[in-house]
Amino acid sequence: MPKKTTDNTITDAVSVTSNGASLTAIPNMNNILGHPLLSGYGRERIKKAANDYLRDLRSAILSDSVEAVPCLDECAAQILGKLREGVGPLTRRVINGTGVVLHTNLGRAPLGADLTAMVPELFRGYSNLEYDLETGRRGNRGAGIESLVRELTGAQDALVVNNNAAAVLLILSALAKGKRVAISRGELVEIGGSFRVPDIMEQSGAELIEVGTTNRTHLTDYADAVTNKGVEVLLKVHTSNYKIIGFTEDVPIEELAVFGKKRGLPVLYDMGSCFLIEPRLLGFGDEKSARDGIASGTDLICFSGDKLMGSAQAGIIAGRRDLVGILKKHPMYRALRLDKITLAALESTLSLCRYPEEAMKKIPALAMLSMNQPELHRRARSLAARLARAIPDWDIGTTEVDDETGGGSLPSIALPGWAVTINPTRAGVDDLERELRAGRTPVIIRIKDDAALLSLRTILPGEDALLIDMIKEARDRLDQAV
Ligand SMILES: *Cc1c(COP(=O)(O)O)cnc(C)c1O
């Protein structure tokens, strides 16, 4: 055993500063390491955090900026703070005050307690991920989810992968490699984060044949491509994040499906984002559900798990059994398959979707999308009143806002909502925005017409108290800066 002398070296240097705070009064490293407050952390980690803290403390003492040397308990508390900060500095929980429900930069759909109930248990131990509990043999990963997708969409078979970009890549690689694929010029979309249909097509080894024009594509354009350009696969992509308006025409998926059947060509439909429950129940009667996608007669559909479905990041593929069978056997599937934690979250979501009324309450994204304006107004007034009591010298009010679905879905639909407006007295809204973003739990707000807005739709139930604390802390930092 090496002698533990090094831990104590910091107290060896004896120096007394002019205000009397002595370096010798700094608590001893061994006492810090054994402090009960820090018992949850390993020795190595405590030591590193303690060394950092003590180094700063010593230089503060030497530069005369410390009144009294903190006692052992105080030092331990400070070091605990440092250790906690160090746990997750990169990915952190934030409060979403933007009113954008599926905010791609903020992790899209929030999952909430009901969808993640099984997750901690699965993280801790083993699971029957690929084990059939009835036969005691190797089982099929995701089998439960596939049967739920079949039930909810009416499809013959289904498959889940890492995200919808992966779904499109797998479908094209397995079914269209070396083949010519027709797609309307109006559907050559780029979804944020460099998902571009032409690029994915190239990666998959399929050859893109553009048909029609940007604003108008007719069935005769597809027919011409099949007859004269050797097209063997038809792809339709939902234009998720923009709308072409004016003099437009596109071929509805139902017509394309009929045409494909007649010519014996597979019709693939990238829906991007769709509901798993009846859209009408949520007040989106004009939108499509996954069941509508299958009912259109198309051979395969795919869509994201974390957009309007409201679940974890995933790509859901559903459709003809023989085609899904080909995908399941493709080597790329092995590289794109899902992990057990995501599967658990998807399973919870899909199970809930069997009971739409419950789904609308317990799937946070769906609850947010279906919130009505009077309810949001009530919540905005209540939050504004609490904030005004906490920070009497700031100008706090409420205003009507247009929230958004986000996530590149339903681009033309504004969701009427309510926000709290904050006008800090001695600072600008930009300063407030920055300080809220820098808080212990960052708060992301929207600035519109020089007002700081906190939209109630995307603030989770139960987040109000924390939100008020974060705003108070931001106020304190702003006041200090003045
Ligand atoms: C969002 C979207 C994608 C990409 O889905 P991810 O789940 O983000 O990978 C692909 N196609 C369309 C039409 C989309 O809207």
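In case you missed it, the structure is sitting above this.
All values derive from a computational prediction rather than experimental measurement.

Enquirer: What is the right way to read the pattern of salt bridges from this model?
Expert: Any two side chains of opposite charge can pair, so long as their charged atoms come close to each other. A full pass over the atoms with the stated rule returns 31 salt bridges. Between R337 and E130 there is a salt bridge, with its nearest N and O atoms 3.2 Å apart. Residue R337 is found in the loop between α13 (331–336) and α14 (340–353), and its partner E130 is found in the loop between α5 (119–124) and β3 (131–132); the two are separated by 207 residues along the sequence. Residue R337 is classed as partly exposed on the basis of its relative accessible area of 26%. Between R434 and D431 there is a salt bridge, with the nearest N and O atoms lying 3.2 Å from each other. One end of the pair is R434 and the other is D431, both in helix α18 (residues 429–437) and three residues apart, which spans about a single turn.

Enquirer: In this structure, what is going on with unusual backbone geometry? I would like to understand it.
Expert: Leaving glycine out, the prevailing phi sign among residues is negative, and the prevailing peptide bond configuration is trans. Positive phi outside glycine occurs at R108, with the angle close to 50°. When you line up the elements, R108 lands in the loop between β2 (100–102) and α4 (112–116). Phi is positive for D449, close to 45°, though the residue is something other than glycine. Tracing the backbone shows D449 in the loop between β17 (446–448) and β18 (451–455). Taking relative accessible area as the criterion, D449 reaches 72% and is therefore assigned exposed.

Enquirer: Please clarify how helix α3 (residues 72–85) should be interpreted in this entry.
Expert: Owing to its 3.6 residues per turn, the α-helix brings residues three or four apart onto one side. Along its 14 residues, α3 runs 20 Å from first to last C-alpha, staying within 8% of the 20 Å computed at 1.5 Å per residue. Among all positions in α3, only C75, A76, I79, L80 and L83 are buried. Across the axial projection of α3, the buried residues extend over an arc of 140°, all falling on one side. Across from the buried face of α3, at angles greater than 90 degrees, the exposed residues are R84 and E85.

Enquirer: Hey, could you run me through the packing of aromatic side chains in this one?
Expert: What describes a pair of aromatic rings is the distance from one ring centre to the other and the angle between the planes of the rings. According to the stated counting rule, one finds one aromatic pair in the structure shown. Ring centres 5.5 Å apart and planes at 35° place the aromatic pair F275 and F284 in the tilted group. Each member of the pair, F275 as well as F284, is classed as buried.

Enquirer: Help me understand the nonpolar core, please; the structure alone is not making it clear to me.
Expert: Soluble globular proteins tend to pack their nonpolar side chains together in the buried interior. The biggest cluster of nonpolar side chains holds 87 residues, and the ones touching the most others in it are L234, F303, V420, I422, L454 and I471. With six residues, the top contributor of residues to this core is helix α19 (residues 464–481).

Enquirer: So what exactly am I meant to see when it comes to the layout of surface pockets here?
Expert: It is the rolling of a water-molecule-sized probe over the atoms that shows where space remains empty. Taken as a whole, the second largest pocket holds about 520 Å³ of empty space. The wall of the second largest pocket is formed by 20 residues, among which R92, R93, V94, L106 and G107 lie closest to the centre.

Enquirer: Whenever I open this one, the pairing of β18 confuses me. Can you help?
Expert: Successive residues of a regular strand alternate their side chains across the two faces of the sheet. Burial within β18 is extensive, with four of its five residues counted as buried. Linking β17 back to β18 in an antiparallel pair, the connection comprises two residues, with D449 at a positive phi of about 45°.

Enquirer: How should I be thinking about the environment of E44 in this particular structure?
Expert: With respect to the secondary-structure elements, E44 resides in helix α2 (residues 43–62). According to the relative accessible area criterion, E44 is exposed, its value standing at 71%. As for E44 and L338, which are separated by 294 residues in sequence, their C-alpha atoms are 35 Å apart.

Enquirer: Looking at this model, I keep getting lost on empty space enclosed by the protein. Mind explaining?
Expert: On inspection of all chains with the given rule, the structure shows one cavity of 30 Å³ or more. For the lining of the largest cavity, the per-class residue count stands at nine nonpolar, no polar and one charged.

Enquirer: I would appreciate a short explanation of the sheet that holds strand β9 (residues 207–211) in the present structure.
Expert: Through backbone hydrogen bonds, the strands of a sheet pair up, either in parallel or in antiparallel fashion. On the basis of which strands lie adjacent, the open sheet formed by seven strands has the order β5-β13-β12-β11-β10-β6-β9 and mixed pairing. The sheet is open, and its two edges are formed by β5 (157–161) and β9, each paired on a single side. The mean angle between the axes of side-by-side strands here comes to 25°, regardless of whether they run parallel or antiparallel. As defined by bridge partners, strand β12 (residues 300–304) adjoins strand β13 (residues 315–319) across five bridges and the pair is classed as antiparallel. Counterpart to S304 in the pairing with β13 is G315. Across the face of the sheet, helix α6 (residues 143–153) comes into contact with β5 and β13 while running at roughly 125° to β5.

Enquirer: Please explain the sheet that holds strand β15 (residues 414–423) as it appears in this structure.
Expert: The strand order across the open sheet formed by five strands is β2-β14-β15-β18-β17, and the pairing between neighbours is mixed. The open sheet terminates on both sides in strands that have one partner only, identified here as β2 and β17. Taken over all neighbouring pairs, the strand axes of this sheet differ in orientation by 40° on average, direction set aside. Pairing analysis gives three bridges linking β17 to β18, with the strands arranged antiparallel. Pairing of R446 across the sheet is with L453, part of β18. In the packing of helix α17 (residues 373–390) onto the sheet, the strands contacted are β14 (395–406) and β15, and the crossing angle to β15 comes to about 10°.

Enquirer: I tried to follow the environment of T298 on my own but got confused; where do I start?
Expert: One can find T298 in the loop between α11 (290–295) and β12. T298 sits in the buried class, given a relative accessible area of 7%. The residues touching T298, leaving out its near neighbours within four places in the chain, are I253, A257, V267, L268, Y269 and G293. Here V267 takes part through its backbone oxygen, which lies 2.9 Å from a polar atom of the side chain of T298.

Enquirer: Is there a simple way to explain the packing of helix α7 (residues 164–176) against helix α12 (residues 321–329) in this structure?
Expert: Each pair of packed helices can be summarised by the angle the axes make with each other and by the distance between the axes. Two elements in contact, α7 and α12, have axes separated by 9 Å at closest approach and are oriented at 100°. Here α7 is positioned roughly perpendicular relative to α12, judged by the angle of their axes. Facing L170, I171, A174 and L175 of α7, the residues of α12 in contact are L323, I326 and L327. Residue composition of the contact of α7 with α12, by class: seven nonpolar, no polar and no charged.

Calculation rules
- Residues numbered from 1 in each chain as written.
- Predicted model: local features only at pLDDT ≥ 70, side-chain atom pairs only at ≥ 80, totals over all residues.
- Heavy atoms only, no water.
- Salt bridge = Lys/Arg side-chain N within 4 Å of Asp/Glu carboxyl O.
- Helix = DSSP H or I, 4+ residues; strand = E, 2+ residues; numbered from the N terminus.
- Buried < 20%, exposed > 50% of the residue type's maximum accessible area, 1.4 Å probe, protein only.
- Expected span 1.5 Å × (residues − 1).
- Arc of directions from axis to C-beta.
- Phe/Tyr/Trp six-rings, centres within 6.5 Å; stacked < 30°, edge-to-face > 60°.
- Core = buried A, V, L, I, M, F, W, Y, C linked by side-chain atoms within 4.5 Å.
- 1 Å grid on protein atoms, 1.4 Å probe; cavity = no way out; pocket = protein on both sides within 12 Å on 5 of 7 lines; lining within 4 Å.
- Points joined across faces, edges and corners; volume = space filled by probe spheres on them.
- Pairing = 2+ DSSP bridges.
- Nonpolar A, V, L, I, M, F, W, Y, C, P; charged D, E, K, R; others polar.
- Axes fitted to C-alpha atoms, helices over the stretch in contact; angles between N-to-C directions.
- Contact = heavy atoms within 4.5 Å.
- Polar contact = N/O pair within 3.5 Å; in protein donor to acceptor, adjacent residues only side chain to side chain.
- Parallel < 35°, antiparallel > 145°, perpendicular 65-115°, else oblique.

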